[in-house]
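# Coordinate inspection notes
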Amino acid sequence: MRKDQLDIANATVWIPDSKTENGVAEVPLTPIAVDAFRSQLSFAGPGDWLFPSPRAVGQHCKSVKRIWRTALRKAEVSYFRIYDLRSTYATRLSADDVADEWVVQLLRQGNSDVFKKYSQMKLAMKREALEKLNRRR
């Protein structure tokens, strides 16, 4: 990611390239994300890249696999794929009663078919809540 794709003042990130048409977008950031990006900006130092390569001057990180594993290990969190955060994001939005259409847009999906997977998770969460209620009874 290039530094010029980050707009701290407006709390957005511009994604200029994607596998899908809907992937190209301006993405809003939460205050926590803005703070994290601000911290990364100070860490990145001079140059165009927000995540510069530690090995090749003037280049960017090409993969986060090693970084991701290291971060999880240091945080003492069991390994999971970084892509799984996408499901977590959608599930939490859905569980907080964000309208399905908005979740689809926030995921930058072309259609709502992909969302069916996440709405099934929502149903499972409702069942789990009912089971908790039954156990208390």
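Residues numbered from 1 in each chain as written. Predicted model: local features only at pLDDT ≥ 70, side-chain atom pairs only at ≥ 80, totals over all residues. Heavy atoms only, no water.

### Things to note about the overall build of the protein
- Broken down by element type, the protein carries five helices and three strands.
- For the protein, the sequential pattern of α-helices and β-strands runs β-β-β-α-α-α-α-α.
- For the protein, the C-alpha atoms occupy an extent of roughly 60 × 35 × 25 Å along the three principal directions.
- Across the 137 residues in the protein, those meeting the buried criterion constitute 21%.
- Side chains of the protein carry 24 positive and 16 negative charges; the gap between the two charge centres is 9 Å. (Helix = DSSP H or I, 4+ residues; strand = E, 2+ residues; numbered from the N terminus. Buried < 20%, exposed > 50% of the residue type's maximum accessible area, 1.4 Å probe, protein only. Lys, Arg positive; Asp, Glu negative; His and termini not counted. Charge placed at Lys NZ, Arg CZ, Asp CG, Glu CD.)

### Some words on the confidence of the model for the protein
- Here the protein shows a mean pLDDT of 86. Residues at 70 or above account for 92%.
- The element-level mean pLDDT for the protein is lowest in helix α5 (residues 115-136), coming to 77, with strand β1 (residues 6-7) highest at 97. (pLDDT = per-residue confidence, 0-100.)

### What about unusual backbone geometry?
- For Ala11, which is not glycine, the phi dihedral falls at a positive 55°.
- Position of Ala11 among the secondary structure elements: in the loop between β1 and β2 (12-15).
- Although it is not a glycine, Asp97 adopts a positive phi angle of roughly 65°.
- Looking at the secondary structure, you find Asp97 in the loop between α3 (84-95) and α4 (100-106).

### Comments concerning the environment of Ser39
- With respect to the element layout, Ser39 can be found in helix α1 (residues 31-44).
- Linking Ser39 and Arg2, residues 37 residues apart in sequence, is a C-alpha distance of 15 Å.

### Digging into the packing of aromatic side chains
- By the definition in use, this model includes one aromatic pair.
- Ring geometry for Trp68 and Phe80: centres 5.3 Å apart, planes at 85°, overall edge-to-face. Placement of Trp68 in helix α2 (residues 65-74) and of Phe80 in the loop between α2 and α3 is noted, with a sequence separation of 12 residues between them.
- The exposure class assigned to Phe80 is partly exposed, which follows from its relative accessible area of 25%.
- Seen from the ring of Trp49, Arg2 lies directly overhead, with NZ or CZ sitting 4.8 Å from the centre.
- Looking at Arg69, its charged tip hangs above the ring of Tyr79, at a distance of 4.4 Å from the centre. (Phe/Tyr/Trp six-rings, centres within 6.5 Å; stacked < 30°, edge-to-face > 60°. Lys NZ or Arg CZ within 6 Å of the ring centre and 35° of its normal.)

### Regarding the nonpolar core
- Counting residues in hydrophobic clusters, the biggest one holds six residues: Leu6, Val13, Leu29, Val34, Phe37 and Leu50.
- In this view, Leu29 contacts Leu6, Ala11, Thr12, Val13, Val34 and Phe37; residues no more than four positions away in its chain are not counted. (Core = buried A, V, L, I, M, F, W, Y, C linked by side-chain atoms within 4.5 Å. Contact = heavy atoms within 4.5 Å.)

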